[in-house]
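Okay, here's what each chain looks like letter by letter:
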Amino acid sequence: MLEFLALLIGITLPVSIVYVIFRRGKRQLDAAIAYRQVAMNLGLNVDTRGVSVQGHLGDRRLWVGEVLLGHGPDRQITIWGVVDMQRPLGLGLQVRRRGLSERVFRRGTGRGVELGDELLDKRIEALGDDPNRVRGLLGDRDVKSALQDLMARWPDIVVTDYSVRVHLKTAETSERGLQGLVDGMLRLAAALEVARRQVPVPDRLVAASESWGALAAELGCELEPWLPAVVGELDGRRLLLTAWRADQGYQGDLRMYFRPHRELGLRIRHQVEPDGYWSVGQDIQLDDPGFDKHFVIKGWDPMRVKALLGPEARKALLAAQECGNVHIDDERLHLRDLPLEADRVKEAIARATQLAEALGW
């Protein structure tokens, strides 16, 4: 009997190991196939490594894939789905599932908000600068429906002024499951943006809304006073100016969308910022110490990126960085952390335009 058990164990252990390896490999292959198909369905560039779905859907950025969290020995790989808002909601909003680890959700400075909905209050924790405005937003029927439907399948959600984010325990391995995740995040983001139009401008942004009205008229743009936001077009480039809630208070957020051009897979961000889920690929050095120390640059073809970022473009990029934190990709130039004063915003718009011209985009 002992010999039989030893034989059985000797057979079972290697078979089990082979099965685990096979199952893990099959899950990775299934996930890669699902990522590829969903990217094609959405009209996005396919990640040939099979580790993410990423790109722009209109004015939204989308990411589903692996994210590296932490530093040193505490670093770990997790999987996120993220959809950006088209415009920051400007309420200091933070929503998460109750009990979600602080590791993946940095608590903000806003006040806790009871929504008055027993089901939602049991499931989520909400923070915001003004409880009444947050209730008005999250109490919207379409918002509640989209939030509940998304959490029914993917409960670990984080919603901020900037994005809808879902934390996944494992990668979705079917096209149907992955497409459902993307559709659910898009539905919730859209519902929040529609509901936000019915919420008054925050008290701390009333002065900015008034001063930006004059700026919008000067630029030939429109003012959306409930955010506030300035929306329009300058020299063939779409412009969006909004306010967002930073740790130190409300600041300006400028997005300038480039004219049509050949894509380079370009990513430019400030050197000292965390790498983030969106910034992938090899760093590109331009052999300009005064420039390289300020920015991290990535792209598909280093030679083309270097040709694009000639002396004039580098000078304009450094000038724009003096106004706020610069982020650039193929779609847009993004300037964050701007002062709210109209004259300072006007200067930032001028420098963003100069940079876009220097790039030829």
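This report concerns the structure included in the present document. None of these values were measured; they are calculated from a predicted model.

**Quick notes on the pattern of salt bridges**
- Inspection of every chain in the model, using the stated rule, returns 21 salt bridges.
- Between aspartate 149 and arginine 187 there is a salt bridge, and its shortest N-O distance comes to 2.6 Å. Of this pair, aspartate 149 sits in helix α4 (residues 141-153) while arginine 187 sits in helix α5 (residues 175-196); the two residues are 38 residues apart in sequence, bridging distant segments of the chain.
- Overall, the relative accessible area of 39% leaves arginine 187 in the partly exposed class.
- Note that glutamate 347 is salt-bridged to arginine 351, the shortest N-O span being 2.7 Å. Placement of both glutamate 347 and arginine 351 in helix α10 (residues 342-359) is noted, with a separation of 4 residues, approximately one turn of the helix.

**Structural notes on the packing of aromatic side chains**
- For the coordinates displayed, the defined rule picks out 3 aromatic pairs.
- Plain terms: the ring middles of phenylalanine 258 and tryptophan 361 are 5.2 Å apart, the flat faces sit at 75° to each other, and that makes the pair edge-to-face. You can see phenylalanine 258 sitting in the loop between β12 (249-257) and β13 (267-270) and its partner tryptophan 361 sitting in the segment after α10, a full 103 residues away along the chain.
- For the pair phenylalanine 291 and phenylalanine 295, a centre-to-centre distance of 5.0 Å together with 35° between the ring planes defines the contact as tilted.

**What to know about the sheet that holds strand β11 (residues 237-246)**
- The sheet built from 8 strands is open, its strands ordered β9-β10-β11-β12-β16-β15-β13-β14 with antiparallel pairing. A strand with exactly one partner marks an edge of an open sheet, and here the two such strands are β9 (222-224) and β14 (295-298). Going from strand to strand, the sheet's axes swing by 15° on average, the running direction of each strand aside.
- Looking at chain direction, strand β10 (residues 229-234) and β11 are connected through 6 bridges and run antiparallel. Bridge pairing links valine 231 to leucine 240 in β11.
- Relative to the sheet, helix α9 (residues 311-321) contacts β13, β14, β15 (325-329) and β16 (332-338), its axis offset from that of β15 by approximately 135°.

**Focus: the packing of α4 against α5**
- Packing of α4 against α5 leaves a shortest axis separation of 9 Å and a crossing angle of 155°. Compared by their axis directions, α4 and α5 come out roughly antiparallel. As α4 runs across α5, the sense of the crossing is left-handed. Each of Asp142, Val143, Ser145, Ala146, Leu147, Asp149, Leu150 and Arg153 in α4 lies in contact with α5, whose residues at this interface are Gly177, Leu181, Gly184, Met185, Arg187, Leu188, Ala191, Leu192 and Ala195.
- Looking at the contact of α4 with α5 residue by residue, the class counts come to 10 nonpolar, 3 polar and 4 charged.

**Remarks on the packing of α9 against α10**
- At a closest axis distance of 9 Å, the pairing of α9 and α10 adopts a crossing angle of 160°. Regarding the angle of α9 to α10, the classification is roughly antiparallel. As α9 runs across α10, the sense of the crossing is left-handed. Across the interface between the two elements, Glu312, Ala313, Ala316, Leu317, Ala319 and Ala320 from α9 touch Arg351, Gln354, Leu355, Ala358 and Leu359 from α10.
- Counted by class, the contact of α9 with α10 contains 8 nonpolar, 1 polar and 2 charged residues.

Cut-offs used in this document
Residues numbered from 1 in each chain as written. Predicted model: local features only at pLDDT ≥ 70, side-chain atom pairs only at ≥ 80, totals over all residues. Heavy atoms only, no water. Salt bridge = Lys/Arg side-chain N within 4 Å of Asp/Glu carboxyl O. Helix = DSSP H or I, 4+ residues; strand = E, 2+ residues; numbered from the N terminus. Buried < 20%, exposed > 50% of the residue type's maximum accessible area, 1.4 Å probe, protein only. Phe/Tyr/Trp six-rings, centres within 6.5 Å; stacked < 30°, edge-to-face > 60°. Pairing = 2+ DSSP bridges. Axes fitted to C-alpha atoms, helices over the stretch in contact; angles between N-to-C directions. Contact = heavy atoms within 4.5 Å. Parallel < 35°, antiparallel > 145°, perpendicular 65-115°, else oblique. Left-handed = near helix turned anticlockwise from the far one by under 90°. Nonpolar A, V, L, I, M, F, W, Y, C, P; charged D, E, K, R; others polar.

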